[in-house]
Structure formats: structure tokens, C-alpha cells
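# Summary of structural features
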Amino acid sequence: MNALLDAVLFAADKHSDQRRKNAAGTPYINHPIEVADHLARVGNVADQSILIAALLHDTVEDTEATESEIRERFGCDIAALVMECTDDKSLPKQERKRLQVVNAPHKSDGAKQIKLADKTCNLRTMLDDPPQDWPISRQLEYVRWANEVIAGLKGINEALDNAADAVVRDCLEHLKRQAS
Ligand code: ZN
């Protein structure tokens with residue numbers, strides 16, 4: 001079986017009862033597909049392990065999928081990449097957010113690119129279709145935090161770096177306009 005398609009199937013199955021936070025409640029699976037597509041199309045990433053790990057990047061953090069399940073089905077390298085993109089959910093949310101900033105510069109090149117694409121796609125989604133219960137102040141706080149994480153992820157893939165900078169700029173301009 002084609003491993004990329006197998007990853008789409010696995011992620012679609014694991015995320016099947018989840019929706020995004022936008023008003024339309026988009027099916028969650030759209031997000032990992034967008035992240036993999038951003039890596040391939042904007043970042044010109046051709047490494048199958050990175051694209052597969054991108055499709056799986058939220059499965060361990062947000063579903064009942066486990067590291068060993070991913071290792072058995074997709075191999076050690078992909079499982080390691082997914083775990084690099086997985087927050088420790090036993091920690092309080094603020095601590096997890098702090099650790100993302102602290103740990104970003106120490107990730108592998110593959111994980112940095114996946115996380116950068118993840119932040120870029122999340123910011124783009126927030127800009128186009130913000131969560132209904134997020135006031136401007138909360139959106140601004142999110143952009144500032146995401147930009148701190150982004151700073152630690154840049155330097156591997158210039159096209160991905162530029163796309164991340166552009167969406168941060170767009171978000172800040174949009175939010176400032178809304179606040180004034
Ligand atoms: Zn994600």
C-alpha cells in the first residue's frame with residue numbers, strides 16, 4: 001500500500017470524531033492534510049517520512065493513537081518525528097506552550113519543518129475563519145506566542161520561513177485593523 005495514503009487513512013480514522021474550532025466546524029483531518037500539502041507545495045519537501053509524519057502529527061497528542069502503534073505501522077523514523085511534534089498532555093497548558101518555545105530550536109530539521117508548517121496553517125486558518133469564542137485579544141496573544149515558536153523553527157527551509165513570516169504579518173495587520 002502507498003504509505004502516504006495509508007497515513008491519510010490512519011489519521012482520518014483517528015480524528016474521525018473531531019472538528020476544527022472554526023465556525024463551520026471543519027472536519028479535523030483537513031488540518032493534517034493541509035500541513036502535508038503546505039510542506040510539499042510551498043516548501044518543496046519531497047521526503048516521504050516528513051510528509052507522512054505531517055499527516056500523523058496530531059494523532060498521538062489529540063487521539064488515542066500511541067507511539068508504538070505508529071512505530072509498528074509506519075516505522076521508527078516516522079514515529080520519532082511524530083513524537084517530536086507531540087506535547088506532553090500531562091502538563092498544564094501554559095507550561096506546554098512555554099516548552100514549545102524553549103524546545104523549538106532543538107528539534108530535528110524534519111520536525112522543525114513540520115512544526116513550522118503546522119503553525120503557518122493554524123495562523124492562516126485563524127485569519128480566514130477564527131474560532132467563534134476567541135476575542136481579538138486572545139487571537140493577538142496566540143499570534144505572538146506562535147511567532148515565538150516560529151523564531152526557533154526557522155533556518156531549515158527558506159520558502160517555509162517566508163510563508164510563516166508572511167502569515168504572522170497578515171494576522172498582526174488584520175488584528176490591528178480590527179482593534180482600531
Ligand atoms: Zn497540528
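Here the structure is shown first, and the text comes after it.
Below, the structure is looked at part by part. (Residues numbered from 1 in each chain as written. Predicted model: local features only at pLDDT ≥ 70, side-chain atom pairs only at ≥ 80, totals over all residues. Heavy atoms only, no water.)

## Quick look at the overall build of the protein chain
- For the protein chain, the helix and strand inventory stands at ten helices and zero strands.
- Going residue by residue from the N terminus, the α and β elements of the protein chain occur as α-α-α-α-α-α-α-α-α-α.
- Relative to its length of 180 residues, the protein chain is compact, with a C-alpha radius of gyration of 16 Å against a globular reference of 16 Å.
- Along the first, second and third principal axes, the C-alpha set of the protein chain runs to 55 × 35 × 30 Å.
- Counting across all 180 residues of the protein chain, residues that qualify as buried make up 47%.
- When contacts within the protein chain are restricted to residue pairs at least 6 apart in sequence, long-range pairs at least 24 apart make up 68% of them.
- Entry remark: accessible area of the protein chain is about 9,200 Å², with carbon and sulfur atoms responsible for 49%.
- Computing the positive centroid from 23 side-chain charges and the negative centroid from 30, the protein chain places the two 6 Å apart. (Helix = DSSP H or I, 4+ residues; strand = E, 2+ residues; numbered from the N terminus. Rg over C-alpha atoms; globule rule 2.2 N^0.38 Å. Buried < 20%, exposed > 50% of the residue type's maximum accessible area, 1.4 Å probe, protein only. Contact = heavy atoms within 4.5 Å. Areas by Shrake-Rupley, 256 points an atom, 1.4 Å probe, with all protein chains shown as cover. Lys, Arg positive; Asp, Glu negative; His and termini not counted. Charge placed at Lys NZ, Arg CZ, Asp CG, Glu CD.)

## Notes on helix 6 (residues 76-84)
- Along helix 6, the positions that sit buried rather than exposed are Ile-78, Ala-79, Leu-81 and Val-82. The arc that holds every buried residue of helix 6, seen down its axis, measures 160 degrees, which confines them to one face. When the buried face of helix 6 is taken as reference, the exposed residues oriented beyond 90 degrees from it are Cys-76 and Asp-77.
- In this structure, the buried residues of helix 6 make contact with helix 3 (48-56), helix 4 (59-62), helix 5 (67-74) and helix 8 (109-128). (Arc of directions from axis to C-beta.)

## What to know about the packing of aromatic side chains
- Going through the model one piece at a time under the given rule, you end up with three aromatic pairs.
- For the pair Tyr-142 and Trp-145, a centre-to-centre distance of 5.7 Å together with 50 degrees between the ring planes defines the contact as tilted. Taken as a pair, Tyr-142 and Trp-145 lie in helix 9 (residues 136-153) at a separation of three residues, close to a single helical turn.
- Residue Tyr-142 is classed as buried on the basis of its relative accessible area, which comes to 12%. (Phe/Tyr/Trp six-rings, centres within 6.5 Å; stacked < 30°, edge-to-face > 60°.)

## Here we look at the coordination of the zinc ion
- On the protein side, the zinc ion has His-31 (NE2), His-57 (NE2), Asp-58 (OD) and Asp-118 (OD) as donor atoms, found 2.1 to 2.3 Å from it.
- Each of the four donor atoms bound to the zinc ion contributes to angles spanning 81 to 175 degrees, and the resulting shape is irregular. (Donors = N, O, S within 2.8 Å, 3.2 Å for Na, K, Ca; no water. Tetrahedral: all angles 85-135°; square planar, octahedral: opposite > 155°, others 65-115°.)

## So, the nonpolar core
- One finds Leu-39, Leu-56, Ile-70, Phe-74, Ile-78 and Leu-123 to be the most contacted residues of the largest nonpolar core, which totals 48 residues.
- Not counting residues up to four positions away in its chain, the partners in contact with Leu-123 are Tyr-142, Val-143, Ala-146, Ile-150, Val-167, Val-168 and Cys-171. (Core = buried A, V, L, I, M, F, W, Y, C linked by side-chain atoms within 4.5 Å.)

## Section: the side chain of Asn-22
- Turning to its location among the elements, Asn-22 is positioned in the loop between helix 1 (3-14) and helix 2 (30-41).
- Contact partners of Asn-22, with chain neighbours within four places excluded, come to Asp-129, Pro-130 and Pro-131.

## Some words on the packing of helix 9 against helix 10 (residues 158-179)
- Interhelical geometry of helix 9 versus helix 10 gives an angle of 160 degrees and a closest axis separation of 10 Å. As summarised for this structure, helix 9 and helix 10 are arranged roughly antiparallel, according to the angle between their axes. At the point where helix 9 passes helix 10, the crossing takes the left-handed sense. Contacts from Ile-136, Gln-139, Leu-140, Val-143, Asn-147 and Ile-150 in helix 9 reach Ala-164, Val-168, Cys-171, Leu-172, Leu-175, Gln-178 and Ala-179 in helix 10. (Axes fitted to C-alpha atoms, helices over the stretch in contact; angles between N-to-C directions. Parallel < 35°, antiparallel > 145°, perpendicular 65-115°, else oblique. Left-handed = near helix turned anticlockwise from the far one by under 90°.)

Function cannot be read off these values alone, since they describe shape.
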